[in-house]
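So the chains spell out like this:
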Amino acid sequence: MTDKTSAQHRAARPLARAKALPPWTLVAAGVLAGGVLGGAYGALKTPAYTATSYVVAVPAESSDPSAALGFAQAYGRVATQLAVLGDAQVWAGVPVSTLRSSVRTATSPDAPMVAVTATSSRPDLAADMANAVSRALTRHANDTSDATHVELEEFARAVEPTEPSSASPALTGLVGASAGGLLGGMFLLVRPRRTERPEGPTASLPSPAVAADTRGAL
């Protein structure tokens, strides 16, 4: 046997042993690998903290109360515009680009309230950014209150979060294990199946010439 043939046989042995493993080992391996990778991602990723402040639109005495709801929707849309963020950056101590990527607003169809949410790797900075944007938005809204007959007031300040809002390593590990098990199951379904050869000799039919000789002898 040549060296090349021996090398081919040695390379084929692990593949043969892998094919001999039970089918469920593919799913188990996928679950294990996915859980390890997901847990490592959750442990190495920088945690994110979220803080939210609230402002409320208050109509003037001579104004229609329903107008406050409409203005709250409008203020929620302009809260992340450059005019507001330009003032907020002074109080937050971060550039406008950071505020634009870290601050989100939400409004309610039933209440004239605007929620300003900021996310950061530092819990104190998340609260500072949310409060700074709320303060700047309130200032801009009240500069035009004589025309709109609606004032924006602070409802609740953002407080420094004590726990991260990002997923924990346990959760990311669970998600990774589920994804790995799913991929292992899909690979198990699409992999080529082995065909077993029948055991023992098989009966062969007589050739046409032999069959004709047999009929002539009868």
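That block above? That's the structure.
A few points on the structure. Please read all numbers here as calculations on a predicted model, not as lab measurements.

Cut-offs applied
Sequence positions are assigned chain by chain, starting from 1 and proceeding in written order. Owing to the predicted nature of the model, reporting of local features is limited to residues with pLDDT of at least 70; listing and counting of side-chain atom pairs is limited to 80 or more, with chain, interface and lining totals taken over all residues. Calculation of side-chain values draws on the structure's entire complement of heavy atoms; hydrogens and water are dropped beforehand. Every case where a carboxyl oxygen of Asp or Glu lies within 4 Å of a side-chain nitrogen of Lys or Arg is listed as a salt bridge. Accessibility here uses a 1.4 Å probe with only protein chains present; expressed as a share of the type maximum, an area under 20% marks a residue as buried, one over 50% as exposed, and anything in between as partly exposed. Runs of H or I in DSSP of at least four residues are treated as helices and runs of E of at least two as strands, each being numbered from the N terminus. Whenever a nitrogen or oxygen atom comes within 3.5 Å of another N or O atom, the pair is scored as a polar contact, on the condition that within protein one atom can donate a hydrogen and the other can accept it, and that pairs from neighbouring residues in sequence are kept only if both atoms are in side chains. Strands were regarded as paired on the criterion that DSSP finds at least two bridges between them. A fitted line through C-alpha atoms represents every axis, and for helices the fit uses only the stretch in contact; the resulting angles, taken between N-to-C directions, go from 0 to 180 degrees. Residues grouped as a nonpolar core are buried Ala, Val, Leu, Ile, Met, Phe, Trp, Tyr and Cys residues, joined through side-chain atoms within 4.5 Å. Contact criterion: two residues are considered in contact whenever any of their non-hydrogen atoms come within 4.5 Å of each other. Only residues above 30% relative accessible area that lack a salt bridge enter a patch, with like-charged residues linked at up to 9 Å and the nonpolar side chains Val, Leu, Ile, Met, Phe, Trp and Tyr linked at up to 5 Å. Only the protein chains shown count as cover for residues, with accessible areas throughout obtained via the Shrake-Rupley method and a probe of 1.4 Å. Note on ring pairs: Phe, Tyr and Trp rings are taken, using the six-membered ring of Trp, and paired if centres are within 6.5 Å. Classes follow the plane angle, with under 30 degrees stacked, over 60 edge-to-face and the rest tilted. We call a charge positioned above a ring when the Lys NZ or Arg CZ atom is no farther than 6 Å from the ring centre and deviates by at most 35 degrees from the ring normal. Roughly parallel here means an angle under 35 degrees, roughly antiparallel means over 145, roughly perpendicular means 65 to 115, and every remaining angle is called oblique. It is the rotation of the near helix from the far one that decides the hand of a crossing: anticlockwise by less than a right angle makes it left-handed, clockwise makes it right-handed. Residue polarity is assigned by list, with Asp, Glu, Lys and Arg as charged and Ala, Val, Leu, Ile, Met, Phe, Trp, Tyr, Cys and Pro as nonpolar; anything else, Gly included, falls into the polar class. Think of the arc as the fan of directions from the helix axis to the C-beta atoms.

## Some points on the pattern of salt bridges
- Scanning the entire structure with this criterion turns up two salt bridges.
- Ionic pairing is found between Asp124 and Arg122, a salt bridge with its closest N-O pair at 3.0 Å.
- Given the relative accessible area of 43%, Arg122 is considered partly exposed.

## Comments concerning the side chain of Ser120
- Here Ser120 is to be found in strand β3 (residues 113-120).
- Overall, the relative accessible area of 11% leaves Ser120 in the buried class.
- At 3.2 Å, the side chain of Ser120 forms a polar contact with the backbone nitrogen of Arg122.

## Describing the sheet that holds strand β4 (residues 150-156)
- If you walk across this open sheet you meet the four strands as β2-β3-β1-β4, and the pairing is antiparallel. Because the sheet does not close on itself, it has two edges, and the strands there are β2 (103-107) and β4. On average, adjacent strands in this sheet sit at an angle of 25° to one another, irrespective of strand direction.
- As paired strands, β2 and β3 are joined by five bridges and run antiparallel to one another.

## Description of the nonpolar core
- Leu99, Val103, Val114, Met129, Val133, Leu137 and Leu152 are the most contacted members of the largest nonpolar core, which totals 31 residues.
- Top contributing element to this core by residue count: helix α6 (residues 123-143), with ten residues.
- Apart from the residues lying within four places of it in its own chain, the contact partners of Leu137 are Val55, Tyr75, Val78, Ala79, Val84, Val114 and Leu152.

## Digging into a nonpolar patch on the surface
- A contiguous nonpolar patch, built from Leu182, Leu183 and Met186 and spanning about 330 Å² of accessible area, is present on the exposed surface.
- Summarising the element assignment, Leu183 is placed in helix α8 (residues 169-190).

## Observations regarding the packing of aromatic side chains
- One pass over the full model with this rule turns up one aromatic pair.
- Plain terms: the ring middles of Phe71 and Tyr75 are 6.1 Å apart, the flat faces sit at 35° to each other, and that makes the pair tilted. Here the residue Phe71 and the residue Tyr75 both occupy positions in helix α3 (residues 65-78), the gap between them amounting to four residues, near one helical turn.
- With relative accessibility at 28%, the residue Phe71 sits in the partly exposed group.
- Classification of Tyr75 by relative accessible area gives buried; the value is 8%.
- Over the face of the ring belonging to Trp91 we find Arg135, whose NZ or CZ atom lies 4.0 Å from the ring centre.

## Examining the packing of helix α4 (residues 82-92) against α6
- For the pair α4 and α6, interaxial distance at closest approach is 8 Å and the crossing angle is 135°. For the element pair α4 / α6, the angle class is oblique. Crossing of α4 over α6 shows right-handed handedness. The residues of α6 that touch α4, namely those facing Ala83, Val84, Leu85, Asp87, Ala88, Trp91 and Ala92, are Leu125, Asp128, Met129, Ala132, Val133, Arg135, Ala136, Leu137, Arg139 and His140.
- Grouping the constituent residues of the contact of α4 with α6 by class yields twelve nonpolar, one polar and four charged.

## Concerning unusual backbone geometry
- The backbone of His149 sits at a positive phi, close to 60°, despite the residue not being glycine.
- Mapping His149 onto the fold places it in the loop between α7 (145-148) and β4.

## Things to note about the environment of Val116
- Inspection of the secondary structure assignment puts Val116 in strand β3.
- Relative accessible area serves as the criterion here: at 0%, Val116 is assigned to the buried category.
- The spacing of Val116 and Ala106 is ten residues in sequence and 6.8 Å in space, taken between C-alpha atoms.
- The residues touching Val116, leaving out its near neighbours within four places in the chain, are Ala51, Thr52, Ser53, Val103, Arg104, Thr105, Ala130, Val133 and Ser134.

## Overview of α4
- Listed as buried for α4 are Val84, Leu85, Ala88 and Ala92. Projected onto a plane normal to the axis of α4, the buried residues spread over an arc of 85° and lie on a single side. Opposite the buried face of α4, at more than 90 degrees from it, the exposed residues are Leu82, Ala83 and Val90.
- Where α4 is buried, its residues contact α3, α5 (96-102) and α6.
- Among the residues trailing α4, Gly93 stands out with phi positive, at a value near 75°.

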